[in-house]
Amino acid sequence: MNYSSVAERAIEIVNRLLIAAMTSAWTSALDHQHALPTSEEDCSADECSEQERSLVKNLAEKHH
């Protein structure tokens with residue numbers, strides 16, 4: 001058995017696993033990047049109308 005070919009295969013397998021894990025983490029981060037605020041306190045009275053706060057609350061409840 002040639003040790004260098006075994007090592008090359010092991011490195012290639014680890015490389016593929018790392019690429020898959022990083023791709024998964026990246027796509028997961030992108031999914032959460034555009035998330036809406038999850039509570040009413042994220043939308044203060046100065047910044048949001050009552051209708052906007054209600055919309056944020058309803059969307060957050062549906063998301064979870």
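Here we summarise the structure given alongside this text. (Residues numbered from 1 in each chain as written. Predicted model: local features only at pLDDT ≥ 70, side-chain atom pairs only at ≥ 80, totals over all residues. Heavy atoms only, no water.)

Within the protein, the regular secondary structure consists of two helices and zero strands. Per-residue burial over the protein gives 8% buried out of 64 residues. As presented, the protein carries roughly 5,800 Å² of accessible surface, and 57% of it is formed by carbon and sulfur atoms. (Helix = DSSP H or I, 4+ residues; strand = E, 2+ residues; numbered from the N terminus. Buried < 20%, exposed > 50% of the residue type's maximum accessible area, 1.4 Å probe, protein only. Areas by Shrake-Rupley, 256 points an atom, 1.4 Å probe, with all protein chains shown as cover.)

In this section: the pattern of salt bridges. All chains considered together, the criterion is met by one salt bridge. Linking arginine 16 and glutamate 12 is a salt bridge whose minimum nitrogen-to-oxygen distance equals 3.3 Å. Residue arginine 16 and its partner glutamate 12 are located together in helix 1 (residues 3–33), separated by four residues, close to a single helical turn. (Salt bridge = Lys/Arg side-chain N within 4 Å of Asp/Glu carboxyl O.)

Nothing here speaks to function; it is geometry throughout.
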